[in-house]
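Each chain, letter by letter, is given below.
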Amino acid sequence: MASPTPRSSSPGGPSASTDTRAAPASPGAVRPALVWTALGLVYVLWGSTYLGIRVAVETLPPLLSAGLRFAAAAVVLAVLLRLRRGPGALRVDRRQLGSAAGVGVLLLAGGNGLVVLAESGPAGKAVPSGVAALLVATVPLLVVLLRTVTGDRPRAWTLAGVTVGFVGLVLLVLPRGSDAVPLAGALTVVVGATCWSVGSFLSGRLRMPDDPFVATVYEMVAGSVLLVVLGAARGELSGFDPAQVSTRSWLALGYLTVAGSLVAFTAYVWLLHHAPISLVATYAYVNPAVAVALGALLAAEPITLPVVLGGAVIVAGVALVVSTERPRRRAQISRS
C-alpha cells in the first residue's frame, strides 16, 4: 500500500447529487485514456511494492524505513514543483495544510506504516507480501460502506462487485493448516486498511490544497514525520547501523521511493480528482494478483488452490465494478 487514497478524493461525489465522480483540480473534460494509464500504474506498481516492503525490512527498521521513503519522495517532488512552477508553488493556507497533514497521517503512517510493520519480523509472525495485499483488498468495501452511511447511494452493481471481491478475499485467506495467516499481523493489516479507507474518504470532505501534487508533498511530509517518531518510540534507532543494511534492502527502499511513493502515489492522488472513488478503489483487487505472482516468483511464497480460486473471484469483482463505474468519455467534471 503506498502506498495507498490521497484534495484527494471525492467518495460521495462532487456535489449534492448522487454522482460518484470525484472533483478535479480544474474544470474540464477528462480523457479516459489518461484515467486508465494512471490506474494501470497504480495497479502494477503498488502491487509490486508489497514484495519491495518485504525485501526492505529484511535489514531495515520497518517504520523508520517507511518514514525515510516518504520523506525522500516529498523532497524530490517539492523540488520538482519549485523548479517548474516558481517560488509560490507550495504555498497553501493553514486549513489546507492541516487537512493535507491529517490525510497524510491516515494514509501513510496509519495505512502504509501498519502494512510495513505487519510484513516485518521472523517467519511465522510476518505476513507474506501476497497475503498482505489480499487483506488490503478490504479497502473498496470499507469506502463504499462509508459512502453509504453518509447518505450516498452507490449503484447496485457497484455494491455487487465489491461483495464479489470480498468473497474472493475470504477464499484467499481462509485458514489452511501450516499456511495459516498470522493473526496479529493480519489484524494489523486490516487496521491499516481501515486507516487508508477513512483517509481516502475524508480527503474529499476536507479543504485540501487545490493542486493534488502539492497535497501529496504535505501528506508525505506529515506521514513521514509521524512514522519516524513512532519508529523512534519503538526503539528502532537503538543499535541501528546503516553499514549492516544489505544492498538489496537499500535497492528495495529506492524502488519503493520512486515507483511506489513518487509515481504510483501521485497517480493515485490525480485519480481521486478525476475518477469515481469506486473505480479508483479497484486497485485493491488488482494489487493482490500482482503481489501474489511476484511473491511466488521471487520469494517462493506458495500459490495454493484457495489462492487460485480466490484470485479468480476477485478478478470477477473487479470486472463488475469497473464496468459499472468506468469513466464516461464525454463527462464534464465540475469542482465541488
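Basis of the calculations
- Residue numbers here run from 1 along each chain, matching the order of that chain's written sequence.
- Per-residue local features of the predicted model are confined to residues with pLDDT of at least 70, and side-chain atom pairs are confined, for both listing and counting, to 80 or more; whole-chain, interface and lining totals are unaffected and use all residues.
- Neither water nor hydrogens contribute to the side-chain values; these are computed over all heavy atoms in the structure.
- Each nonpolar core is a collection of buried residues, namely Ala, Val, Leu, Ile, Met, Phe, Trp, Tyr and Cys, held together in the definition by side-chain atoms within 4.5 Å.
- Partly exposed residues are those whose accessible area sits between 20% and 50% of the maximum for their type, while under 20% is buried and over 50% is exposed, using a 1.4 Å probe and protein chains only.
- Helical segments are the DSSP runs of H or I of at least four residues, strand segments are the runs of E of at least two, and each set is numbered from the N terminus.
- Here, residues are in contact when the closest pair of their heavy atoms is within 4.5 Å.
- Along the chain, pLDDT gives the predictor's confidence residue by residue, from 0 to 100.
- One less than the residue count of a helix, multiplied by 1.5 Å, gives the span that helix is expected to have.
- Only the contacting stretch of a helix is used when fitting its axis, a line to C-alpha atoms as for every element, and angles between N-to-C directions run 0 to 180 degrees.
- The scheme is simple: roughly parallel for angles under 35 degrees, roughly antiparallel for over 145, roughly perpendicular for 65 to 115, oblique for anything else.
- Crossing handedness is read from the near helix: turned anticlockwise from the far helix by less than a right angle, it gives a left-handed crossing, and turned clockwise, a right-handed one.
- Residues are sorted three ways: Asp, Glu, Lys and Arg are charged, Ala, Val, Leu, Ile, Met, Phe, Trp, Tyr, Cys and Pro are nonpolar, and all the rest, Gly among them, are polar.
- N or O atoms closer than or at 3.5 Å make up a polar contact, with two conditions inside protein: a donor-capable atom paired with an acceptor-capable one, and, for residues adjacent in sequence, both atoms drawn from side chains.
- Here, a salt bridge means any side-chain nitrogen of Lys or Arg that lies within 4 Å of a carboxyl oxygen of Asp or Glu.
- Classification of ring pairs rests on two measures: the distance between centres of Phe, Tyr or Trp rings, Trp counted by its six-membered ring, which must be within 6.5 Å, and the angle between planes, read as stacked under 30 degrees, edge-to-face over 60 and tilted in between.

Draft legend 1. Geometry of the nonpolar core. If you look at the biggest cluster of nonpolar residues, it comprises 82 residues, and the most contacted ones within it are Trp-46, Trp-196, Phe-265, Tyr-268, Leu-271 and Tyr-283. Here this core gets 13 residues from one element, more than from any other, and that element is helix 9 (residues 247-274). The residues contacting Leu-271, other than those within four sequence positions of it, are Val-35, Ala-38, Leu-39, Val-42 and Val-280.

Draft legend 2. Focus on the confidence of the model for the chain. Across the chain, the average pLDDT comes to 80, with 85% of residues at or above 70. The model gives residues 2-28 a pLDDT under 50, and that stretch makes 115 contacts with residues more than four places away or in other chains. This stretch, residues 327-336, has a pLDDT under 50; its non-local contacts, to residues over four places away or in other chains, come to 32 contacts.

Draft legend 3. Helix 2 (residues 62-85), seen in detail. Helix length check: helix 2 (24 residues) gives 34 Å between terminal C-alpha atoms against 34 Å at 1.5 Å per residue, within 8%. Gly-86 occupies a position one or two residues after helix 2 and carries a positive phi of about 95°.

Draft legend 4. Structural context of the packing of helix 2 against helix 9. Running from amino to carboxyl end, helix 2 crosses helix 9 at an angle of 55°, the nearest separation of the two axes being 9 Å. If you check the angle between helix 2 and helix 9, you find them oblique. In terms of crossing hand, the pair formed by helix 2 and helix 9 is right-handed. Contacts from Ser-65, Leu-68, Arg-69, Phe-70, Ala-72, Ala-73, Val-76 and Leu-77 of helix 2 reach helix 9 at Trp-250, Leu-253, Leu-256, Thr-257, Gly-260, Ser-261, Leu-262 and Thr-266. Of the residues contributing to the contact of helix 2 with helix 9, the split by class is ten nonpolar, five polar and one charged.

Draft legend 5. Summary view of helix 8 (residues 212-233). Relative to the 32 Å expected for 22 residues at 1.5 Å per residue, helix 8 spans 31 Å between its end C-alpha atoms, a close match to the ideal helical length. Two or three places before Phe-213, at the start of helix 8, stands the capping residue Asp-211, its side-chain oxygen 2.8 Å from that residue's backbone nitrogen. Just downstream of helix 8 lies Gly-235, where phi reads positive at about 85°.

Draft legend 6. Structural context of the environment of Leu-294. With respect to the helices and strands, Leu-294 occurs in helix 11 (residues 283-299). With relative accessibility at 23%, the residue Leu-294 sits in the partly exposed group. Separated by 244 residues in the primary sequence, Leu-294 and Tyr-50 place their C-alpha atoms 9.1 Å from one another. The contact partners of Leu-294, leaving out residues within four places of it in the chain, are Ser-48, Leu-51 and Ala-299.

Draft legend 7. Structural context of the pattern of salt bridges. Counted by the stated rule, this structure contains four salt bridges. Among the ionic pairs, Arg-85 bridges to Asp-211, the shortest N-O distance being 1.9 Å. Taken together, the positions of Arg-85 in helix 2 and Asp-211 in the loop between helix 7 (183-203) and helix 8 put the pair 126 residues apart, joining distant regions of the chain. For Arg-85, a relative accessible area of 44% translates into the label partly exposed.

Draft legend 8. Representation of the packing of aromatic side chains. Scanning all chains against the criterion turns up three aromatic pairs. Measuring from ring centre to ring centre gives 5.8 Å for Trp-46 and Trp-196, while their planes differ by 85°; the resulting arrangement is edge-to-face. Here the residue Trp-46 occupies a position in helix 1 (residues 32-56), and Trp-196 occupies one in helix 7, the gap between them amounting to 150 residues. Here Trp-46 and Trp-196 have matching classes, each one buried. Every member of this aromatic cluster is reached through a ring pair, and the members are Trp-46, Trp-196 and Tyr-268.

Draft legend 9. Quick look at the environment of Glu-219. Mapped onto the fold, Glu-219 is located in helix 8. Each C-alpha atom of the pair Glu-219 and Ala-100 lies 5.3 Å from the other, and the pair is 119 residues apart in sequence.

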